[in-house]
Protein chains: 2
Amino acid sequence: MSQQRHGSTPGNAPGDRAGAVTAFPDLPEATIARLPEYLRALHNLGEGGADTVSSEGLAAAAGVNSAKLRKDLSHLGSYGTRGVGYDVALLIEQIEYVLGLDQRRAVCLVGLGNLGHALAGYDGFASRGFKIVALFDADVSKVGEEIQGLTVRHIEDLGRVAVEENIAIGVIATPAGAAQTVADVLVDAGVTSILNFAPCVLSVPANVDVRKVDLAIELQILSFHEHRKASLTALPGGRSATAAGNQEAVGS
Amino acid sequence: MSQQRHGSTPGNAPGDRAGAVTAFPDLPEATIARLPEYLRALHNLGEGGADTVSSEGLAAAAGVNSAKLRKDLSHLGSYGTRGVGYDVALLIEQIEYVLGLDQRRAVCLVGLGNLGHALAGYDGFASRGFKIVALFDADVSKVGEEIQGLTVRHIEDLGRVAVEENIAIGVIATPAGAAQTVADVLVDAGVTSILNFAPCVLSVPANVDVRKVDLAIELQILSFHEHRKASLTALPGGRSATAAGNQEAVGS
DNA sequence: CGCGATTTGTGCACACCTTCACAAGCGCCT
DNA sequence: AGGCGCTTGTGAAGGTGTGCACAAATCGCG
Ligand SMILES: NC(=O)c1ccc[n+]([C@@H]2O[C@H](COP(=O)([O-])OP(=O)(O)OC[C@H]3O[C@@H](n4cnc5c(N)ncnc54)[C@H](O)[C@@H]3O)[C@@H](O)[C@H]2O)c1
Ligand SMILES: NC(=O)c1ccc[n+]([C@@H]2O[C@H](COP(=O)([O-])OP(=O)(O)OC[C@H]3O[C@@H](n4cnc5c(N)ncnc54)[C@H](O)[C@@H]3O)[C@@H](O)[C@H]2O)c1
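Everything numeric in this text was worked out from a predicted model, so none of it was measured.

Trainee: Sorry if this is basic, but what is going on with the overall build of chain A here?
Mentor: Within chain A, the secondary structure is distributed over eight helices and ten strands. Nonlocal contacts in chain A, meaning residues at least 24 apart in sequence, comprise 55% of its contacts between residues at least 6 apart. If you sum the accessible surface of chain A, you get close to 12,100 Å²; carbon and sulfur atoms cover 52% of it.

Spelled out as structure tokens, the structure:
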């Protein structure tokens, strides 16, 4: 769900009902949230030498139900072959196209503290179709610092650089108190997608998408389940452990 | 959704149908995922000096619909007062109890690379009911390093330390290739909740909850929306910008 | 060339979630 | 004491997502 309503009413554009050049077959949110997982599983399988995968196999690798996977793929008009499965390379291409990963998107990172440094040094960006093209901070003692070949710039330059570099995605790694201000700056600069690590709610215009990653929330959800499990363990004796039991890891 | 089915069939425990001491009024997953957000908003409001909040006000601060918020709170039998609103302090207490935050949970962190260092230095743990009590790594050159007052231990010690410190939650910040192995070790040690930062699917016994944080997935979802927005902007002239427009930030 | 094994794509039923709309309850003011 | 405005709690409706089960399609083999 995130927190942003995206398109206005999707309503079928009256007029060109012939060529579906315009929009996407409006995929369900739940589906698009799973596509990246499928993609990763496919890359793993491909590196493992597989040419085709069955929905069953891919579903297992992605940790989902196979019917769900088939339905997801059918939504994007995917080309599977009955009796055989899906062509790995083709499916990768398809998903990458739908996700818009064929064009390497420029990302900027704002806030180079603890977390920002880790993110800047993360190779998971480049390996998945993204490129960090600029780093910003408000702290003048940080400006000028070189990280992974990029120089930290002052946030005042964001507007100019964003246009120059055609930045579409901004990542916020500042304290919560500064996040809304930074978001405003990003929006002003024409950035239309924001990934927010600060624990706060951002308000942005309707055409901007925001996704949030919040460590504390994840832990608190886990805490709830711990609490619940503990209250259930009241009766049964101790813990039956059940260690061991795990099959098929993902990677090689 | 995450990826774990939690309790087996919740089925009302046969026998003590009198006192509802046992489990929780099985809150909807969607609700418990929002409780932490409400909690944070409440803390902000409380620090701002508010004694009570209306569902409207709290919903705005948490970025949700007010009807949804009321229904969520009603699920946990919350005590609001019609015509007035919710008592901030009381509601905080309620939610913290439900989430099991009244008991400070011990967390361990495995993998002290780039990300692990940032997490170890993060104060958002302590301020939200969690305490990192141990750090583990497999790299002997990292073992012994002192971070934020904690010494990095070898992962072989995890089993022993987990019991000693009563660790319930484990955070995995190792490369994907090692994540499943680490998860197995955690499970063996009796850890029943895992937060995984590695981009891979973990398989664990049914009684263990796993939540995943995956940066690349978030970015790819944003990329999809960018792609979609771009395909819609084909017709309309340029961008109407709409910068400015934002109201009420969260914090003070 | 036909048959059976295999696997996709999907109709359907169900469960969960969201949102509206409103009655019931509460406190304040006169 | 009574009325009035405000806010909660919830019934009902609609939407979204899930998973089963099966027909349709494809391949390989004899
Ligand atoms: N460290 C973690 O592991 C971690 C984990 C999850 C979430 N977070 C969140 O991420 C955010 C950053 O955490 P951190 O530990 O890196 O904090 P930090 O204090 O180490 O770094 C914050 C950085 O943001 C910069 N900054 C402050 N105001 C700014 C502004 N207006 N414009 C641009 N830059 C600005 C600061 O100069 C600093 O470099 C926080 O909101 C934190 O809650 C951190
Ligand atoms: N750096 C980031 O910003 C970032 C962001 C999102 C996700 N991630 C993910 O988090 C994970 C860690 O990223 P990183 O950049 O810190 O990597 P890193 O290589 O810097 O650190 C990995 C650490 O794990 C340790 N390790 C390896 N195998 C181990 C094992 N079997 N047991 C215990 N420890 C082991 C290594 O010694 C190393 O210290 C990766 O999976 C990465 O994809 C990182």
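Trainee: Would you mind showing me how to read the packing of helix α1 (residues 29-47) of chain A against helix α8 (residues 215-232) of chain B here?
Mentor: The relative placement of two packed helices comes down to the angle between their axes together with the axis-to-axis distance. Viewed as axis vectors pointing N to C, α1(A) and α8(B) meet at an angle of 125°, and their least axial separation amounts to 9 Å. When the interaxial angle is binned, α1(A) and α8(B) end up oblique. In the crossing of α1(A) with α8(B), the sense of the turn from one axis to the other is right-handed. Residues Glu29(A), Ile32(A), Ala33(A), Pro36(A), Glu37(A), Leu39(A) and Arg40(A) of α1(A) touch α8(B), and the partners they reach there are Ala216(B), Ile217(B), Gln220(B), Ile221(B), Phe224(B) and His225(B). When grouped by side-chain class, the residues that make up the contact of α1(A) with α8(B) number eight nonpolar, two polar and three charged.

Trainee: What is the right way to read the UniProt feature "binding site: NAD(+)" (unreviewed entry) in chain A from this model?
Mentor: Residues and elements named next belong to chain A. The sites that carry the UniProt feature "binding site: NAD(+)" (unreviewed entry) are, in the present numbering, Gly111, Leu112, Gly113, Asn114, Leu115 and Gly116. Assignment of secondary structure puts Leu112 in the loop between β4 (105-110) and α5 (114-120). Overall, the relative accessible area of 0% leaves Leu112 in the buried class. With residues up to four places along the chain from it excluded, the contact list for Leu112 reads His117, Ala120, Leu135, Phe136, Asp137, Lys142, Ile147 and Val152. Relative to the helices and strands, Leu115 resides in helix α5.

Trainee: Quick question: what am I supposed to make of the protein's contact with DNA strand C here?
Mentor: Taken together, the neighbourhood of DNA strand C is formed by 27 residues, with Ser55(A), Arg70(A), Tyr86(A), Lys71(B) and Arg82(B) sitting nearest. Among the atoms of DNA strand C lying within 4 Å of the protein, the sugar-phosphate backbone contributes 66%. Measuring from a phosphate oxygen of DNA strand C, one finds a backbone N or O atom of Ala30(B) at 3.5 Å. Here a base oxygen of DNA strand C sits 2.9 Å away from a polar atom, N or O, in the side chain of Lys71(B). Where the surface near DNA strand C is concerned, the elements lending two or more residues are α3 (66-75), β2 (80-81) and β3 (85-87) of chain A together with α1 (29-47) and α3 (66-75) of chain B. The element that contributes the greatest number of residues to the surface near DNA strand C is α3(B), accounting for four residues. Grouping the amino acids of the surface near DNA strand C by side-chain chemistry returns seven nonpolar, eleven polar and nine charged.

Trainee: Honestly, the domain arrangement of chain A in this entry has me stumped. Any pointers?
Mentor: It is common to give the size of an interface as the accessible area that goes away when the parts come together. Partitioning chain A into structural domains gives domain 1 (17-98), domain 2 (105-213) and domain 3 (216-251). Summarising the inter-unit geometry, the C-alpha centres of domain 1 of chain A and domain 2 of chain A are found 30 Å apart.

Trainee: Help me out: how do you make sense of the site of ligand 1 in this one?
Mentor: Not every one of the 24 residues close to ligand 1 is listed here, only the nearest: Asn114(A), Leu115(A), Asp137(A), Thr174(A) and Tyr122(B). More than one chain approaches ligand 1, the contributing ones being chains A and B. Leu115(A) places a main-chain nitrogen or oxygen 2.8 Å from an oxygen atom of ligand 1. In this structure, an oxygen atom belonging to ligand 1 sits 3.5 Å away from a main-chain N or O atom of Leu119(B). When ligand 1 sits alone it has 820 Å² of accessible area, and the protein chains cover 80% of it. Taken together, the elements giving at least two residues each to the shell around ligand 1 come down to α5 and α7 (176-188) of chain A together with α5 (114-120) of chain B. The class makeup of the residues in the shell around ligand 1 is 17 nonpolar, four polar and three charged.

Trainee: Please explain α8(B) as it appears in this structure.
Mentor: Since the α-helix packs 3.6 residues into each turn, any two residues three or four apart lie on the same face. Residues and elements named next belong to chain B. Spanning 18 residues, α8 covers 26 Å between terminal C-alpha atoms, matching the ideal 26 Å at 1.5 Å per step. Across the 18 residues that make up α8, a large majority, 16, are buried. Where α8 begins, one side-chain oxygen reaches toward the backbone nitrogen of Ala216, 2.9 Å away; that side chain belongs to Asp214.

Cut-offs applied
Residues numbered from 1 in each chain as written. Chains lettered and ligands numbered in written order. Predicted model: local features only at pLDDT ≥ 70, side-chain atom pairs only at ≥ 80, totals over all residues. Heavy atoms only, no water. Helix = DSSP H or I, 4+ residues; strand = E, 2+ residues; numbered from the N terminus. Contact = heavy atoms within 4.5 Å. Areas by Shrake-Rupley, 256 points an atom, 1.4 Å probe, with all protein chains shown as cover. Axes fitted to C-alpha atoms, helices over the stretch in contact; angles between N-to-C directions. Parallel < 35°, antiparallel > 145°, perpendicular 65-115°, else oblique. Left-handed = near helix turned anticlockwise from the far one by under 90°. Nonpolar A, V, L, I, M, F, W, Y, C, P; charged D, E, K, R; others polar. UniProt positions renumbered as here; feature names shortened; annotations may be inferred. Buried < 20%, exposed > 50% of the residue type's maximum accessible area, 1.4 Å probe, protein only. Near = heavy atom within 4 Å. Polar contact = N/O pair within 3.5 Å; in protein donor to acceptor, adjacent residues only side chain to side chain. Domains from an automatic or database assignment. Expected span 1.5 Å × (residues − 1).

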